[in-house]
Amino acid sequence: MLEYGDVATSTELYGSKSSSSAICDLLIKLQDKFNVSCQMKVRHKTLKHQNQDIIYLMLNCLPRFRCISFLYSLPKLSYNIKQIHAQLITNGLKSPTFWAKLIEHYCGSPDQHIASNAHLVFQYFDKPDLFLFNTLIRCVQPNDSILIFRNEFSRGLMFFDEYTYNFVLGACARSPSASTLWVGRQLHARIVKHGFESNILVPTTKIYFYASNKDIISARRVFDEMPRRSTVTWNAMITGYSSLKEGNKKYALNALYLFIDMLIDVSGIKPTATTIVSVLSAVSQIGMLETGACIHGFAEKTVCTPEDDVFIGTGLVDMYSKCGCLDSALSVFWRMNQKNIMTWTAMTTGLAIHGKGKQSLEVLYKMGAYGVKPNEATFTSFLSACCHGGLVEEGLILFHEMKRTFGMMPQIKHYGCIVDLLGRAGNLEEAYDFIMRMPINPDAVIWRSLLGACKIHGDVVMGEKVGKFLLQLEEWSSAESPKSEDYIALSNVYALAEKWDDVEIVRKTMKSKGILSKAGSSAVQTVSMAVIKN
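Residues numbered from 1 in each chain as written. Predicted model: local features only at pLDDT ≥ 70, side-chain atom pairs only at ≥ 80, totals over all residues. Heavy atoms only, no water.

Caption draft 1: Region of the structure containing helix H22 (residues 357-365). By the burial criterion, the buried members of H22 are Gly357, Ser360, Leu361, Val363 and Leu364. One side of H22 holds all its buried residues, which, seen down the axis, span an arc of 160 degrees. (Buried < 20%, exposed > 50% of the residue type's maximum accessible area, 1.4 Å probe, protein only. Helix = DSSP H or I, 4+ residues; strand = E, 2+ residues; numbered from the N terminus. Arc of directions from axis to C-beta.)

Have a look at this one:
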């Protein structure tokens, strides 16, 4: 006699193989548990070769299997997922595939109380199931994934495979920190010990992990040691280089060099849209317009036209804007068939950086007509661009319209942009009054911005007041260690007023606290694209 558990498993098997007749034969064998009218409906569906409809109909006609149809047919089950869970237990359905789908629904729920029940799935199984465990660590939040793996590892009841380590490494990459970097290195050692590096996904994830944690040297070492590489591998390494933007252009140059190596590699790997986006990001950091134009042409001939790919189009808009070619940026922008929030942000920011304040505001206000609503990052980028472009009026207008027109409350970073905007323009008293009227407590960054403006415009009285307050604020805050830049800025303000005794006091304070000033550096780009450090 065919049992219900066999039916569920067979349904999934036959559905994956697209075997209409096999599904129909299975239903005929269940005629004692399957009403005649439902059989006729299934016969009709079978003749039309609509296998997914057959499975759905079968599961709904057999009451005990309706929970499976709900499990696979509904996109979100945040409100009745517990009922589906109970039905799986009641009906004795132990197929790991069903329970893996249940875990996915639990973890995908926006309700954290429901999502936290995903681990309850394991209580129904006598022995730990590796497939379900891998599904769980793949679906939960990164920090939870690391914690679950650590707990199971300490128990020592399960032998992990390469997918386990791959998922945990991915979690470490999505939650970069000093602690996750240490965990990932331990995982790397275990991967080598157990010989799981033959699966190309594992070393590729290691590259992604090291690059996300800013250990680009280890990422490149893994890349160089790989006997074969996929397109995803090349993209992970190029993206790792281009994502390091801490004021050092050598990483962007390395991304371009690696892109050239990819093109001439004997394996014949072809660049994808992801490759082009990462390379354009590297070009925008260096400001090499000619190189960016060449990549633009290459993308159109070999990958796709920017008009049809929103990510490549956005990358081109950003690249042309940062390289100072606004006409090309606008040309690409208006020819794009689809624009997302990043596209609009890149264009409005590019216009504002180059002093096109009114034109930038016009583009910003057109976003609503295209069904795109600006977010916090859009306003931050635009206000920052107004600072560099000296667009005081435009920046203040947009700040006051954030809540009134766009319904968005300004955050601390938006207030910081306004202080920087007023300070750069020399409106120091207005900037100080603006800080005093802020509905949220100003942080050290805001005071630091005003202190820098005081030094630039020679306001010694205001600079001394702000500098002392900033140093006191850092002493009160245990989370932030004193920065040498703040002491040096206050020292320079005193020097500007020729208060040499106060300069000496500040310098002695730095020495007693062991605060060292950072050495300056400069970079020169030669014709051969080499970077010479001085």
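Caption draft 2: Representation of the confidence of the model for the protein within the structure. In this model, the protein carries a mean pLDDT of 77, and residues with pLDDT of at least 70 account for 71%. Taken together, the stretch residues 1-21 has pLDDT below 50 and engages in 42 contacts with residues farther than four places along the chain or on a different chain. (pLDDT = per-residue confidence, 0-100. Contact = heavy atoms within 4.5 Å.)

Caption draft 3: View of the pattern of salt bridges. For the coordinates displayed, the defined rule picks out 9 salt bridges. We note a salt bridge from Arg335 to Glu307, for which the minimum N-O separation is 1.9 Å. A residue pair is termed long-range when its members are at least 10 positions apart, and Arg335 in helix H20 (residues 326-335) and Glu307 in the loop between helix H18 (289-302) and helix H19 (310-322) qualify at 28 residues. Assessed through its relative accessible area of 37%, Arg335 is described here as partly exposed. The buried category is assigned to Glu307, whose relative accessible area is 18%. Residue Arg424 is joined to Asp420 by a salt bridge in which the shortest nitrogen-to-oxygen separation is 3.1 Å. Note that Arg424 and Asp420 are positioned in helix H25 (residues 412-424) at a spacing of 4 residues, about one turn of the helix. (Salt bridge = Lys/Arg side-chain N within 4 Å of Asp/Glu carboxyl O.)

Caption draft 4: Layout of the packing of H19 against H20. One can describe the packing of H19 onto H20 by two numbers: an axis separation of 7 Å at closest approach and a directional angle of 165 degrees. In this view, H19 runs roughly antiparallel relative to H20, as classed from their interaxial angle. In this structure, H19 meets H20 at a crossing whose hand is left-handed. Seen from H19, the contacting residues are Gly313, Leu316, Val317, Tyr320 and Ser321; seen from H20, they are Leu326, Ser328, Ala329, Val332 and Phe333. (Axes fitted to C-alpha atoms, helices over the stretch in contact; angles between N-to-C directions. Parallel < 35°, antiparallel > 145°, perpendicular 65-115°, else oblique. Left-handed = near helix turned anticlockwise from the far one by under 90°.)

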